[in-house]
Amino acid sequence: MKSLIYICFVFFIGANFAQAQKEYIVSGKVNDTTGLPLIGAIIRISDGSVGVASDEDGDFKMPLKEGDYTLIVEYFGYKVEQKDIRVNNNVSISFILEEDSQIANEVVITGKAPDENVTSTKMGSTEITVDEIKTLPALFGEVDIVKNIQTLPGVQVAGDGNTGLYVRGGGADQNLILVDEAPVYNASHLFGIFSIFNADAIQSAELYKAGIPSQYGGRLSSMLDVRLREGGPKKFSAKGGIGIIASRLTLEGTFNQGKGSYIFSGRRSYADLFLLLSSDPEIRKNKLYFYDLNGKINYQFNKNNSLYISSYYGKDKFKFGGLFGLGWGNATFTANWNHLFSDKLFLNTIYTHSEYSFDLSISQGVQAFRFGSGIKENSVKQVYQYVPSIRHHIHFGWSVSQRLYDPGKFEPSNPNSIFSSNKIPNNHSLEGALFVSNKQKLSEKLSLDYGLRLNMFNNMGAGTVYNYSGDPTNSTTIDSTVYKKNQIINTFWGLEPRIAARYIVNDKSSVKLGYNRNYQYIHQISNSLTPVPFDVWTPSNNYFKPEAVNQYSAGYYRNLKDNTYETSVEGYYKNYSNSIDYIDNASLLLNPQIETQVHIGKAWSYGAEFYLKKKKGRLTGWISYTLSWSYKKIDGINDGKKYFAGYDRRHSLNVIASYKISERVTFGGQFVFGTGRPIGLPYGGYQIDNFWLGVYPERNSFRLPSYHRLDLSLTIDQRKKEGRRWEGSWSISIYNIYGFLHINPWTVVAQTNKDSGQKEYVAIYFPAPIPSITYNFKF
Amino acid sequence: MKQLLIFACSILLFSCQKVIDIKPKDGEVKVIIQGYLYTDSIIKVRIAKSTNYLSPISPPGLGTAVITLSDNHGNSEVLTWNPVNKIYKGNALLGVVNDTYTLKVEFEGKTYVASSLLPYLEHADTIKIIKKPKTTIQDEKYEMKLYATISTSTDFYYLFKGYADNRFLNGPNDIYYADNKNLNGNLNGIDIGYDEYKVGEVAKLELYSLTEAAYKFYDAASLQLNNDGGFFSTPPANVPSMFDKGAIGLFQCSDIQVLTTTVLAQ
């Protein structure tokens, strides 16, 4: 292993030795006028050829050759600063930026260079900030960054009001969703109607559909990197919102002369609070709510050391009288220590804890029971950044993750219950990775971003592996092998290369090519289109082989009118191995032999994505169009013939716009169109006993009608008054404004009407139109 | 529990439904075979072909098949077509617990075969009809409770059919079936699902033993009848046939117990 790393390192560094020149480090800090560090400020030289972003402490380091330069510093909501410098030695320089409300109102800066989509080697990644979406229409008035991520090219949705992401032909369990580096295993509230991300606590979300940085791994299709906001810049401030579904409150500020900052944000829905007004005690017993809490504390110990801790905790709770109750929730914790060894070497040491749990119970009667399942993960990661010259930016490091999978425990919940206990044994795994990558500037026009990630995954005991006489789905169990605690059941290795090349055509456009390979060693046991709270995860084992994907992509990127418009066209082809699908009528719940319900095969997807974004001016927004195909071909399913994946959509169009009518009034609109997704629907029927059953054709062979809807919103800011800290705004939103004319079926079912006895096809859809009003405030 | 989870997920989903006019592409017409053999009874078999899903009438029983029933003792008989009921009936071979039967159907040039054990049924103790007081969400009801002591060391599968004064209570989408997994054996008044009794009626419960294959057939059928299109639950699919060569069929061999009681005012 040592020699492998050495060879990689030499390869990455070696190409630069021959052309090494005299270079110096320009370092410094970007603060605001109160002394708070500005994170993500862009520091670039005037010709735009070199640029960096300030880190969590506002620090930056930029290697430059000897010469005279003009440094320009930009940050959202602040006036642009520039300074002339002469570089003939290492230079230290600081910037203090002044707030500029005019700029903040007119310009959207995402903490990145305005032409980064053209100049960077990144492919298939898009960032959305909360500032960009807060005036857009929102379902029930809840601004939801995941819903806006769903409007990006290459991302498909399952249906109205659903937060599942289906990226470039991948399943909903193939997305690595991170909140400040901690993974989230179920990012939904209310069965997916809302995501767990409270917009007041979120800074931004960046979706990687390809070229996921080598320090991240473990999912096939995408990474959604959600960053919580940092507190400040004022000593104390508060903001919040009161909506028809939920309300929010965020408190933030600084301490110890600005060395530290904090933010705490909470949100709770309150449908159940209205039930308390009922005179009926049975109704008052019902519960139906969700809540989430976010907290983050940053602290700068000294010039070279800073730490942030960040945490999320959220729950959904349903209780229907004495009948039954269910709930689920996530908890995450992140501690991230940033250390600077020198001007050229930085280290991030990150510990994360994440857990997800689900529970269901009936508490009364002889059929009383409790059921619970979940997953827990602890991870440690060290990421080194080494910047030996302006031509190289190297990341390397290691990570270890330990997981506990609880597939389910079923037990009686009172002494009279007819049930016995049944615990499906827990699974355990230990996953490690070594990674290295380099962003290398080969010439002024050509840059590469290449890396390797070496994974090792151990499926650990205690555990029982069942052995079969043949294919587990149609053979008998011969015997089983029992493994002791911490005994290795399986070990899998995977090498994930990734490379992206960017060629600058001119100062406005570039061409990029990319390839990446990813492995996924944990699998969500889910046979429904959209993940549900009781879906469980299982590690790769004798039967669930590691899933893998190869992705090839190419794109053309062009910005127009001084980066006001950002455009791109990307094409991709992906092929998956060890893709999982389930037998007809699979039985997954509390099944200790899940392997008897699945088949393994291949899948592939391809498509083209078109993106136009307007970033400046009164009118901002984006248009995305995706043309795509997603197939599976798995022996034992659909007679071995290829079939459409359940989330295949041929066309997908999103038009998102925000228009600032005046200083105080902003109009938002969103139009969504998509080809219907494929489902199974019976064409034939027959009677057995007194019930009518269907004859189903090939899997996913019926295409639902096309989906389209229009959402509108109006945001009105309260008039500002001199000396008044309180600022308020009203947001009025209508989701699916013409929903009464056109229904968008989530699905269609064939059924016998229980009253008339007639057979019918029934569309099931989300109610519409849905108006909402929200009052937002800050002080 | 599976039904409960699906119900929980479907609360929001099923708030909006609308019958729509769509026409899935026609596909292959399937041969449908139903065979029922109960303890101490002759077999009854119905042969039909599938029709359009929206067809208002059930496809007729077809009398052009040659059907043979045999057991694991070497006995066999050819069934007789009954043109009145449009079914085939056995003549002398009666169902016996723990015997294995093979049903061979020769129809339109193909031969379809299914085999099944006639599994033993552990008899239940009794049924009672218990008054359930009115609540906010439902009126006062008289519901059936089943009392039994069953073994849990071996897998058993059951089918239930409920009657009130010989009126069949199962709705068009209701199949009541169970297995003994996760049970402690003391069924001290479980709710089967029949709760529409009136005082004075005679309540009857028929209990049938099932093989695992027949249980899976009913389980898949129930999933089909109560599905959400696969959005939150397993997508509906063809039921697992107990016959080979592409015929869709059920060959149910069952031991039966019948329990009755009269509904009293409470």
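These figures come from a predicted structure and were not determined experimentally.

A. Spatial organisation of the overall build of chain A. Assigned secondary structure in chain A consists of seven helices and 50 strands. Computed over its C-alpha atoms, the radius of gyration of chain A comes to 27 Å, within 12% of the 28 Å expected for a compact globule of 779 residues. Projected onto the principal axes, the alpha-carbon positions of chain A cover approximately 90 × 65 × 50 Å. When each of the 779 residues of chain A is scored for burial, the buried share is 59%. For chain A, restricting intrachain contacts to residue pairs at least 6 apart in sequence, the fraction spanning at least 24 positions comes to 64%.

B. Structural view of the domain arrangement of chain A. Here the domain parsing of chain A yields domain 1 (2-107), domain 2 (119-225) and domain 3 (226-778). Placing a centre on the C-alpha atoms of domain 1 of chain A and another on those of domain 3 of chain A gives a separation of 34 Å.

C. How the structure looks around the pattern of salt bridges. Residues and elements named next belong to chain A. Inspection of the entire model under this criterion finds 46 salt bridges over all chains. A salt bridge links E206 to K122; the shortest N-O distance between them is 2.9 Å. Taken together, the residues E206 in strand β15 (residues 202-208) and K122 in the loop between α3 (116-119) and β8 (125-129) connect sequence positions 84 residues apart. Overall, K122 belongs to the partly exposed group, its relative accessible area being 24%. Residues D180 and K296 are paired through a salt bridge, measuring 3.2 Å at the closest nitrogen-oxygen approach. Note that D180 is positioned in the loop between β11 (175-179) and β12 (182-183) and K296 in strand β20 (residues 287-302), a separation of 116 residues in sequence. Accessibility classification places D180 together with K296 in one group, the buried group. Several salt bridges converge on common partners, so that one network encompasses R168, K209, E570 and E609.

D. Layout of the sheet that holds strand β12 (residues 141-149) of chain B. Residues and elements named next belong to chain B. Strands sit in the order β11-β12-β16 across an open sheet of three strands; the sheet is antiparallel. The sheet terminates laterally at β11 (126-132) and β16 (186-191), the two strands that pair on one side only. Neighbour-to-neighbour, the strand axes of this sheet turn through a mean angle of 25 degrees, independent of strand direction. Strand direction decides the pairing type here: β11 and β12, joined by seven bridges, are antiparallel. Note that in β12 the partner of K132 across the bridge is K141.

E. Structural detail: the confidence of the model for chain A. All names here are of chain A. Per-residue confidence for chain A gives a mean pLDDT of 88; residues scoring 70 or more make up 95%. At the low end of the mean pLDDT range in chain A sits helix α1 (residues 2-17), at 37; at the high end sits β12, at 97. Of the regions scoring below 50 in pLDDT, residues 1-20 engages in 20 contacts with residues more than four places distant in sequence or in other chains. Per-residue pLDDT stays below 50 along residues 102-111; that stretch engages in 20 contacts with residues further than four places along the chain or on separate chains.

F. Up close: the packing of aromatic side chains. Within this structure, the stated rule accounts for 50 aromatic pairs over all chains. Measuring from centroid to centroid gives 5.2 Å for Y166(A) and Y647(A), while their planes differ by 25 degrees, and the two rings are stacked. In this pair, Y166(A) is assigned in strand β10 (residues 166-167) and Y647(A) in the loop between β39 (643-644) and β40 (651-660), connecting sequence segments 481 residues apart. Between Y177(B) and Y215(B) the ring centres are 5.5 Å apart and the planes differ by 65 degrees, which places this aromatic pair in the edge-to-face class. Linking Y177(B) in strand β15 (residues 176-179) with Y215(B) in helix α2 (residues 212-225), this pair joins segments that are 38 residues apart in sequence.

G. Region of the structure containing the environment of G260(A). All names here are of chain A. Residue position: G260 is located in strand β19 (residues 260-269). Judged by its relative accessible area of 1%, G260 falls in the buried class. With 487 residues separating them along the chain, G260 and T747 place their C-alpha atoms 50 Å apart. Setting aside residues no more than four positions away along its own chain, G260 makes contact with G253, T254, F255, N298 and Y299.

H. Focus on the sheet that holds strand β49 (residues 759-765) of chain A. A sheet is described by the order of its strands in space; here three strands give the open sequence β48(A)-β49(A)-β1(B), paired in antiparallel fashion. Each end of this open sheet is capped by a strand with a single partner; those strands are β48 (745-752) of chain A together with β1 (17-19) of chain B. For this sheet, the mean inter-axis angle between neighbouring strands, taken without regard to orientation, is 30 degrees. Inspection of the sheet shows β48(A) paired to β49(A) by seven bridges, in the antiparallel sense.

I. The arrangement of the interface of chain B and chain A in detail. Contacts between chain B and chain A engage 78 residues on the former and 74 residues on the latter. Here chain B packs against chain A, burying approximately 6800 Å² in sum over the two surfaces, 65% of which is carbon and sulfur. Counting across the chain B and chain A interface gives one salt bridge. Between D689(A) and K161(B) there is a salt bridge whose closest N-O contact spans 3.4 Å. Between the two partners, chain B and chain A, sit 26 residue pairs in polar contact (both at pLDDT 80 or more).

J. Seen up close, the side chain of S605(A). Residues and elements named next belong to chain A. Following the sequence through the fold, S605 ends up in strand β37 (residues 598-614). Among the polar contacts made by the side chain of S605, one reaches the main-chain carbonyl oxygen of R168 at a distance of 2.9 Å. When neighbours within four sequence positions are excluded, S605 is seen to be in contact with R168, G169, Y572, Y573, K574, Y576, W629 and S630.

K. Quick look at the nonpolar core. Residues and elements named next belong to chain B. One finds L146, F160, Y194 and Y197 to be the most contacted residues of the largest nonpolar core, which totals 75 residues. Once residues lying within four places of it in the same chain are set aside, the contact partners of L146 are A124, T126, I127, F160, L187, N188, G189, I190, I192, L205, L207 and L259. Core analysis: the next-biggest nonpolar cluster, separate from the first, contains 49 residues, Y112, V239, F251 and C253 among them.

L. Seen up close, α2(B). Residues and elements named next belong to chain B. Given a rise of 1.5 Å per residue, 14 residues ought to cover 20 Å, and the 20 Å separating the end C-alpha atoms of α2 matches this to within 8%. Counting buried positions along α2 gives eleven out of 14 residues, so the element sits mostly inside the fold. Those residues of α2 that fall on the buried side of the exposure criterion are A214, Y215, F217, Y218, D219, A220, A221, S222, L223, Q224 and L225.

M. Representation of the domain arrangement of chain B in the model. All names here are of chain B. Per the domain assignment, the segments of chain B are domain 1 (29-118) and domain 2 (126-222 + 256-262). Distance between the C-alpha centres of domain 1 and domain 2: 27 Å. Contact with domain 1, which involves five residues of that partner, is made by four residues of domain 2. Together, the buried faces of domain 1 and domain 2 total about 330 Å²; carbon and sulfur atoms form 58% of this surface. Our count for the contact surface shared by domain 1 and domain 2 stands at zero salt bridges. Elements represented by at least two residues in the side of domain 1 that touches domain 2 include exactly β2 (31-38) and β10 (110-117). Its residues assigned to classes, the side of domain 1 that touches domain 2 comprises three nonpolar, two polar and no charged.

N. Local environment of the pairing of strand β24 (residues 369-389) of chain A. Residues and elements named next belong to chain A. Within β24, 15 of the 21 residues are buried, leaving the element largely enclosed by the surrounding structure. Taking the residues between adjacent antiparallel strands as the criterion, strand β23 (residues 345-362) and β24 are bridged by six residues, where G365 takes a positive phi near 80 degrees. Bridge analysis of β24 against strand β25 (residues 392-412) gives 18 bridges, and the strand direction is antiparallel. Bridge pairing links S379 to S401 in β25. Linking two consecutive strands that pair antiparallel, namely β24 and β25, is a turn of two residues.

O. Representation of the pairing of strand β47 (residues 727-735) of chain A in the model. Here strand β46 (residues 707-717) of chain A pairs with β47(A) via six bridges, running antiparallel. Within β47(A), the residue paired with D717(A) across the bridge is S729(A).

P. Region of the structure containing unusual backbone geometry. Residues and elements named next belong to chain A. Cis rather than trans, the peptide bond between G461 and A462 has omega equal to 5 degrees. Summarising the element assignment, A462 is placed in the loop between β28 (446-460) and β29 (463-468). A cis amide bond links A768 with the next residue in sequence, P769, at an omega value of -5 degrees. With respect to the helices and strands, the residue P769 is situated in the loop between β49 and β50 (770-778).

Procedures and definitions
Residues numbered from 1 in each chain as written. Chains lettered and ligands numbered in written order. Predicted model: local features only at pLDDT ≥ 70, side-chain atom pairs only at ≥ 80, totals over all residues. Heavy atoms only, no water. Helix = DSSP H or I, 4+ residues; strand = E, 2+ residues; numbered from the N terminus. Rg over C-alpha atoms; globule rule 2.2 N^0.38 Å. Buried < 20%, exposed > 50% of the residue type's maximum accessible area, 1.4 Å probe, protein only. Contact = heavy atoms within 4.5 Å. Domains from an automatic or database assignment. Salt bridge = Lys/Arg side-chain N within 4 Å of Asp/Glu carboxyl O. Pairing = 2+ DSSP bridges. Axes fitted to C-alpha atoms, helices over the stretch in contact; angles between N-to-C directions. pLDDT = per-residue confidence, 0-100. Phe/Tyr/Trp six-rings, centres within 6.5 Å; stacked < 30°, edge-to-face > 60°. Buried area = accessible area lost by both parts, 1.4 Å probe. Polar contact = N/O pair within 3.5 Å; in protein donor to acceptor, adjacent residues only side chain to side chain. Core = buried A, V, L, I, M, F, W, Y, C linked by side-chain atoms within 4.5 Å. Expected span 1.5 Å × (residues − 1). Nonpolar A, V, L, I, M, F, W, Y, C, P; charged D, E, K, R; others polar.

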